[in-house]
Amino acid sequence: MSRTNRQFLLAKRPSGEPTADTFERVEQPIGEPGAGQVLIKNLYLSLDPAMRGWMNEGKSYIKPIGIGEVIRALGVGEVVASNHPDFKVGDTVNGMLGIQDYYLGEPQGFYKVDPSKASLPQYLSVLGMTGLTAYFGLLEVGEPKAGQTIVVSGAAGAVGSMVGQIGKLKACHVVGIAGGAEKCRYLIEELGFDAAIDYKAEPDLAAALQRECPNGIDVYFDNVGGPTLDAVLAQINFRARVVLCGAISQYNSDKVQGPQNYLALLSNRARMEGFIVLDHAARYAEAQKQLAIWLADGQLKSREHVVEGLDTFPETLMKLFSGENFGKLVLKV
């Protein structure tokens, strides 16, 4: 059977925000799997802030996307041809599929998912890397204790919304920072956050944090960086933990703004630690089992922002940086 594969390639490394000419859209025929390979029809693709970092050249936790290579992205899809003993035609799988119609190659790190137990977009959010990031980042690095105060930036986003809910399951006082009244209402009324700060409406973030965190801040889960990180550092408690998960305010900046209030870490004997979910790969199954239990019991809620059409990729990706997405951003192929 002859199949055509639409692909988005990295045409050049962006300076600042990616633009239309950062990517090259191509169409080419897709072949059949060789020994140990699978052919997967991509159904849903995950769009994540980390993708912006992968486009940069330089040392990082994962090699950069090469010029002319398919844009890296996690996804779920259906096996349509297989020469691999662990995957058969009809299996639904999760893996690094790329921004394209089909994935052809070895299924390294791929695993099967059951579409009868959760929606496919949920396998890219609460039951995928998003949920795993929240789970390990908060519980292993943040080490929350009952009664402590957790602050989460980017709280209405994919990871942030999960962090806050897990924090509530651990009996903590949870405050989310998000942009817009609708997102803040969602955090409190739907997800059970104790408070939400609308950074777009609050003229003084520091004052808002003092109001909503009268006992100071014990754990800060940072998805934003920049001035937000500084405002929180000024109010951390003794032995506080700051989880550096992301810095979306800085990803398109030519000159990254580092923390100015870092001396608060010294005076409070606090810890600020970078976190990459890949470091916990050996325990993914354990975490996914717990996340699935919480989801089935209604203790975790997920919201997916699904945009249809592979060809919308360049403009859909930018929703992450403008704050237009509401929940986990997913591209329906």
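Residues numbered from 1 in each chain as written. Predicted model: local features only at pLDDT ≥ 70, side-chain atom pairs only at ≥ 80, totals over all residues. Heavy atoms only, no water.

Undergrad: Can you help me understand the overall build of the protein chain in this one?
TA: Summing up its helical and strand segments, the protein chain has 10 helices and 15 strands in all. Compactness check: the protein chain gives a C-alpha radius of gyration of 20 Å against a globular reference of 20 Å for 333 residues, within 12% of the reference. In terms of overall dimensions, the protein chain has C-alpha extents of about 65 × 45 × 35 Å along its principal axes. Counting across all 333 residues of the protein chain, residues that qualify as buried make up 54%. Taking the contacts inside the protein chain whose residues are at least 6 apart along the sequence as the reference set, 66% of them involve residues at least 24 apart. Element-wise, carbon and sulfur atoms account for 50% of the exposed surface of the protein chain, whose accessible area totals about 14,800 Å². Across the protein chain, the 32 positively charged side chains and the 37 negatively charged ones have centroids separated by 3 Å. (Helix = DSSP H or I, 4+ residues; strand = E, 2+ residues; numbered from the N terminus. Rg over C-alpha atoms; globule rule 2.2 N^0.38 Å. Buried < 20%, exposed > 50% of the residue type's maximum accessible area, 1.4 Å probe, protein only. Contact = heavy atoms within 4.5 Å. Areas by Shrake-Rupley, 256 points an atom, 1.4 Å probe, with all protein chains shown as cover. Lys, Arg positive; Asp, Glu negative; His and termini not counted. Charge placed at Lys NZ, Arg CZ, Asp CG, Glu CD.)

Undergrad: How should I be thinking about the packing of helix 2 (residues 129–142) against helix 8 (residues 284–296) in this particular structure?
TA: Each pair of packed helices gets described by two things: the angle between the helix axes and the distance between those axes. Remark: helix 2 packs on helix 8, axes separated minimally by 10 Å, with the N-to-C direction vectors making an angle of 100°. As the angle between them shows, helix 2 and helix 8 are arranged roughly perpendicular. Counting all contacts with helix 2, which are made through Met129, Gly131, Leu132, Tyr135 and Phe136, the residues of helix 8 involved are Tyr284, Glu286, Ala287, Gln288, Gln290, Leu291 and Trp294. (Axes fitted to C-alpha atoms, helices over the stretch in contact; angles between N-to-C directions. Parallel < 35°, antiparallel > 145°, perpendicular 65-115°, else oblique.)

Undergrad: Sorry, what's going on with the sheet that holds strand 12 (residues 236–244) here?
TA: The six strands are arranged 10-9-8-11-12-13 in an open sheet whose pairing can be described as parallel. The open sheet has two edge strands with one neighbour each: strand 10 (195–198) and strand 13 (271–274). Neighbour-to-neighbour, the strand axes of the sheet open up by a mean angle of 15°, direction not taken into account. On the sheet, helix 3 (residues 158–169) packs against strand 8 (149–153), strand 9 (173–178) and strand 11 (217–222) and is oriented at approximately 170° with respect to strand 8. (Pairing = 2+ DSSP bridges.)

Undergrad: Explain the packing of aromatic side chains here, please?
TA: Each aromatic ring pair is characterised by the separation of its centres together with the angle its planes make. Under the definition given, this model contains six aromatic pairs. Where Tyr135 meets Phe136, the ring centres are 5.2 Å apart and the plane angle is 85°; that geometry is what we call edge-to-face. Summarising the burial analysis for this pair, Tyr135 and Phe136 share the class buried. When the centroid spacing of 5.1 Å and the interplanar angle of 90° are considered together, the rings of Tyr186 and Phe326 count as edge-to-face. Taken together, the residues span a long stretch of sequence, with Tyr186 in helix 4 (residues 181–190) and Phe326 in the loop between helix 10 (319–322) and strand 15 (328–332) at a distance of 140 residues. Lying over the aromatic face of Phe87, Lys112 brings its terminal NZ or CZ to 6.0 Å of the ring centre. A cation sits over an aromatic face here: Arg303 above Phe326, 3.7 Å from the ring centre. (Phe/Tyr/Trp six-rings, centres within 6.5 Å; stacked < 30°, edge-to-face > 60°. Lys NZ or Arg CZ within 6 Å of the ring centre and 35° of its normal.)

Undergrad: Can you walk me through the pattern of salt bridges in this structure?
TA: Pairing between side chains becomes possible if they bear opposite charge and their charged atoms approach one another. Inspection of every chain in the model, using the stated rule, returns 19 salt bridges. Between Arg6 and Asp101 there is a salt bridge, with its nearest N and O atoms 2.8 Å apart. Taken together, the residues Arg6 in strand 1 (residues 3–10) and Asp101 in the loop between strand 5 (92–96) and strand 6 (102–105) connect sequence positions 95 residues apart. The pair formed by Arg6 and Asp101 is uniform in burial state, with each residue classed as buried. (Salt bridge = Lys/Arg side-chain N within 4 Å of Asp/Glu carboxyl O.)

Undergrad: I'm lost on the domain arrangement of the protein chain in this one. Help?
TA: How big an interface is tends to be reported as the loss of accessible area on association of its parts. Each assigned domain of the protein chain is listed with its residue range as follows: domain 1 (4–124 + 303–332) and domain 2 (129–278). If you average the C-alpha positions of domain 1 and of domain 2, the two centres end up 28 Å apart. Taken residue by residue, the interface counts 19 residues in domain 1 and 13 residues in domain 2. Between domain 1 and domain 2, the buried area comes to about 1,400 Å², and carbon and sulfur atoms account for 60% of it. Taken together, the links from domain 1 to domain 2 amount to zero salt bridges. The interface formed by domain 1 and domain 2 holds three residue pairs in polar contact (both at pLDDT 80 or more) in total. Looking at the side of domain 1 that touches domain 2, its residues break down into nine nonpolar, five polar and five charged. (Domains from an automatic or database assignment. Buried area = accessible area lost by both parts, 1.4 Å probe. Polar contact = N/O pair within 3.5 Å; in protein donor to acceptor, adjacent residues only side chain to side chain. Nonpolar A, V, L, I, M, F, W, Y, C, P; charged D, E, K, R; others polar.)

Undergrad: Any chance you could explain a nonpolar patch on the surface here in plain terms?
TA: A grouping of Tyr262, Leu263 and Leu266 is seen on the molecular surface, where their side chains present a nonpolar patch of about 350 Å² in accessible area. In this fold, Tyr262 is placed in the loop between strand 12 and helix 7 (263–267). Tyr262 gets classed as partly exposed once you look at its relative accessible area, which sits at 49%. (Patch = residues over 30% accessible without salt bridge, like charges linked within 9 Å, V, L, I, M, F, W, Y side chains within 5 Å.)

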